[in-house]
Amino acid sequence: MGTLGGAGLAAAVAASRARTLGMEGERRASQARSSGLPAGGADGDSQGGSAPFPGSSGSSALLQAEVLDLDEDEDDLEVFSKDASLMDMNSFSPMMPTSPLSMINQIKFEDEPDLKDLFITVDEPESHVTTIETFITYRIITKTSRGEFDSSEFEVRRRYQDFLWLKGKLEEAHPTLIIPPLPEKFIVKGMVERFNDDFIETRRKALHKFLNRIADHPTLTFNEDFKIFLTAQAWELSSHKKQGPGLLSRMGQTVRAVASSMRGVKNRPEEFMEMNNFIELFSQKINLIDKISQRIYKEEREYFDEMKEYGPIHILWSASEEDLVDTLKDVASCIDRCCKATEKRMSGLSEALLPVVHEYVLYSEMLMGVMKRRDQIQAELDSKVEALTYKKIDTDLQDRSWLSTLSYRIRSEEEIWRCATLHIYKMIFKLPEEIGKLEDKVECANNALKADWERWKQNMQNDIKLAFTDMAEENIHYYEQCLATWESFLTSQTNLHLEETSEDKP
């Protein structure tokens, strides 16, 4: 389009110059006629050898020279036309902004990131007791401005099994995308209630993060099952679940998946080998960090429980020491302030660091599952290619014997070759069609995983960096607060000692 625009602009400028030169030549010719001088000038020498009247050879030569000059500058005009074409389009199109400010605003608007249009909240867990089971449901409030939703706000209740169903449907529709992990499903035994309040709250936060990670994903957020999960009532969701594949179909898929995993992948691409090595190393390190973090939190809890007992002990002690009443009460007050700081620090550890680290422990397991599903797709392709190779070899060996056997049964030569062609098509040409489809499937799966892998790594680095940075700042604030508490106590005791010393002097 730039070349065509440049040529068009060059032609327009040439025509404009031609009209200008023609008018100038006509003006000079009329002046010459009125003064009796030649049209070339007062000295009588005509440029080009004759009078440059319109249509004469002089004016034609002059125009040709100007056009040649334009041809030499065609590249400059072509570059200029790329910028001028936008100006021309804006000046003639009523739909385009014409002011520079509106154009700047338009550019800024295009450069801005897409605004979030889907907000999900998981809250208000509610216990349900039936004759068969006891379970917890969570309220899910969805607010959106998307056009594919029938309303701007939805409110539904879902139980943990519904979240499992959604995760399974997402893995089925997008086998090589990194689906956010769900919290583990386990039962605390030996309790009157099936779930205690801390467990329910921890699960609620994890489910809230699960749905919002899906909503922020560039592909998963537009999944139809995700939309149904957010908007359908309980009976509608149950009806939608029944529309899925039957038990035998799911068993067949499981058997094929197991067979592919047992067969393995012969030639995994190098980039996915590196990805698999990264996942294994990441899994080891994040599991180690999770264990260390849990141990630190446990030791911090034991330290906090023990320190809480020191304050009351010093208060009781002050009752039996008249000379140390104020000092012991100040010590008890310092211990109480340090206990509050320790409790706040533990809260930050349990709410900020531990959930993030454990989420990526679950992510490492999800990544291993994604790699297995990718390998299954490639293993299926490898098996088809191998089968095609064997089919070609068998066909080359059996064609003569098969045709000779067939010729005894069918007398017509045309029928023999027709049956032979059909046989070869079924044996050879059907497999390449399946292989072509599988190659497309492998390519799509690989591209989806590579794109999602980079997005996940960036999010992982940001999340873990933010979690540890916040925890470091919280620790610094904690130690500064405890240090200031005890320094103020020591300062007060020093001043008290100086006052007592001054009073004892005569």
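This text follows the structure it describes.
Everything numeric here is computed off the predicted structure, so don't read it as measured data.

Student: What is the right way to read the overall build of the chain from this model?
Tutor: The secondary structure content of the chain amounts to 13 helices and three strands. Expressed as a percentage of its 506 residues, the buried residues of the chain come to 31%. Accessible surface for the chain amounts to roughly 33100 Å². Of this, 57% is attributable to carbon and sulfur atoms.

Student: I tried to follow the state of the cysteines on my own but got confused; where do I start?
Tutor: Working definition: the covalent bond between the sulfur atoms of two cysteines is a disulfide. Within this structure, the stated rule accounts for zero disulfides. With no disulfide partner, cysteine 334 has as its closest neighbouring cysteine sulfur the one in cysteine 338, 6.7 Å distant. Cysteine 338 supplies the cysteine sulfur nearest to cysteine 482, a cysteine that is in no disulfide, at a spacing of 3.8 Å. A residue is classified by how much of its surface remains accessible, and cysteine 482, at 10% relative accessible area, is buried.

Student: Before we go on, may I ask you to explain the pairing of strand β2 (residues 134–144) in this structure?
Tutor: Moving residue by residue along a regular strand, the side chains alternate between the two faces of the sheet. When you tally the buried positions in β2, you get nine out of eleven residues, the bulk of the element. Looking at chain direction, strand β1 (residues 118–129) and β2 are connected through ten bridges and run antiparallel. Among the inter-strand pairings, threonine 121 is bridged to a residue of β2, identified as isoleucine 141. Linking β1 back to β2 in an antiparallel pair, the connection comprises four residues. Bridge count for β2 against strand β3 (residues 153–159) is seven bridges, and the pairing is antiparallel. From the neighbouring strand, threonine 142 faces β3, where its bridge partner is phenylalanine 154.

Student: Quick question: what am I supposed to make of unusual backbone geometry here?
Tutor: Negative phi characterises most residues that are not glycine, and trans characterises most peptide bonds. The residue glutamate 124 is not glycine, and still its phi comes out positive at about 45°. Its place among the elements puts glutamate 124 in strand β1. Classification of glutamate 124 as partly exposed rests on a relative accessible area of 44%.

Student: Could you clarify how one ought to interpret the pattern of salt bridges in this entry?
Tutor: Opposite charge on two side chains allows them to pair when their charged atoms are near. The full count for this structure, using the stated rule, is 20 salt bridges. Salt-bridge contacts for glutamate 126 lead to arginine 157; the nearest nitrogen and oxygen are separated by 4.0 Å. In this pair, glutamate 126 sits in strand β1 while arginine 157 sits in strand β3, placing the two residues 31 residues apart along the sequence. Relative accessible area serves as the criterion here: at 36%, glutamate 126 is assigned to the partly exposed category.

Student: Looking at this structure, I do not really get the packing of helix α10 (residues 270–308) against helix α11 (residues 310–318). What am I missing?
Tutor: Angle between the axes and distance between the axes: these two values describe a pair of packed helices. Running from N to C, α10 and α11 point in directions that differ by 15°, and their axes come no closer than 4 Å. Between α10 and α11, the crossing angle belongs to the class labelled roughly parallel. Together, Glu306, Met307 and Lys308 of α10 and Tyr310, Gly311 and Pro312 of α11 make up the contact between the two elements. Taken together, the residues of the contact of α10 with α11 sort by class into three nonpolar, one polar and two charged.

Student: What is the right way to look at the packing of aromatic side chains in this model?
Tutor: The relation between two aromatic rings is expressed through the spacing of the ring centres and the mutual angle of the planes. Counted by the stated rule, this structure contains twelve aromatic pairs. An angle of 50° between the planes, with centres 5.9 Å apart, marks the rings of phenylalanine 149 and phenylalanine 154 as tilted. Looking at phenylalanine 149, the relative accessible area reads 8%, which means it is buried. Phenylalanine 154 gets classed as buried once you look at its relative accessible area, which sits at 14%. In this structure, lysine 227 is placed above the aromatic ring of phenylalanine 149, and the distance from its NZ or CZ to the ring centre is 5.8 Å. Above the ring of phenylalanine 278, the side-chain terminus of lysine 457 is found at 4.9 Å from the ring centroid.

Student: Can you help me understand the nonpolar core in this one?
Tutor: The biggest cluster of nonpolar side chains holds 33 residues, and the ones touching the most others in it are Ile120, Ile140, Phe163, Leu166, Leu211, Phe226 and Phe229. At the level of elements, β1, β2, β3, α5 (160–173), α6 (197–216) and α7 (224–231) are the ones that each hand at least two residues to this core. Of the residues forming this core, the biggest block, seven residues, is contributed by α6. With 24 residues, the next largest nonpolar core counts Ile178, Phe282, Tyr363 and Met371 among its residues.

Student: Even after reading the chapter, I still don't get a nonpolar patch on the surface, so can you show me in this structure?
Tutor: A cluster of nonpolar side chains, Leu288, Ile292 and Ile296, forms an exposed patch at the surface whose accessible area comes to about 250 Å². Within the secondary structure layout, isoleucine 292 lies in helix α10.

Student: For this particular structure, what's the right way to read the side chain of threonine 231?
Tutor: Counting through the fold element by element, threonine 231 comes out in helix α7. Residue classification places threonine 231 among the buried positions, given a relative accessible area of 19%. A distance of 2.8 Å separates the side chain of threonine 231 from the backbone oxygen of lysine 227, its partner in a polar contact. Filtering out sequence-adjacent residues up to four positions away, threonine 231 remains in contact with Phe149, Phe154 and Val156.

The rules we used
Residues numbered from 1 in each chain as written. Predicted model: local features only at pLDDT ≥ 70, side-chain atom pairs only at ≥ 80, totals over all residues. Heavy atoms only, no water. Helix = DSSP H or I, 4+ residues; strand = E, 2+ residues; numbered from the N terminus. Buried < 20%, exposed > 50% of the residue type's maximum accessible area, 1.4 Å probe, protein only. Areas by Shrake-Rupley, 256 points an atom, 1.4 Å probe, with all protein chains shown as cover. Disulfide = S-S within 2.5 Å. Pairing = 2+ DSSP bridges. Salt bridge = Lys/Arg side-chain N within 4 Å of Asp/Glu carboxyl O. Axes fitted to C-alpha atoms, helices over the stretch in contact; angles between N-to-C directions. Parallel < 35°, antiparallel > 145°, perpendicular 65-115°, else oblique. Contact = heavy atoms within 4.5 Å. Nonpolar A, V, L, I, M, F, W, Y, C, P; charged D, E, K, R; others polar. Phe/Tyr/Trp six-rings, centres within 6.5 Å; stacked < 30°, edge-to-face > 60°. Lys NZ or Arg CZ within 6 Å of the ring centre and 35° of its normal. Core = buried A, V, L, I, M, F, W, Y, C linked by side-chain atoms within 4.5 Å. Patch = residues over 30% accessible without salt bridge, like charges linked within 9 Å, V, L, I, M, F, W, Y side chains within 5 Å. Polar contact = N/O pair within 3.5 Å; in protein donor to acceptor, adjacent residues only side chain to side chain.

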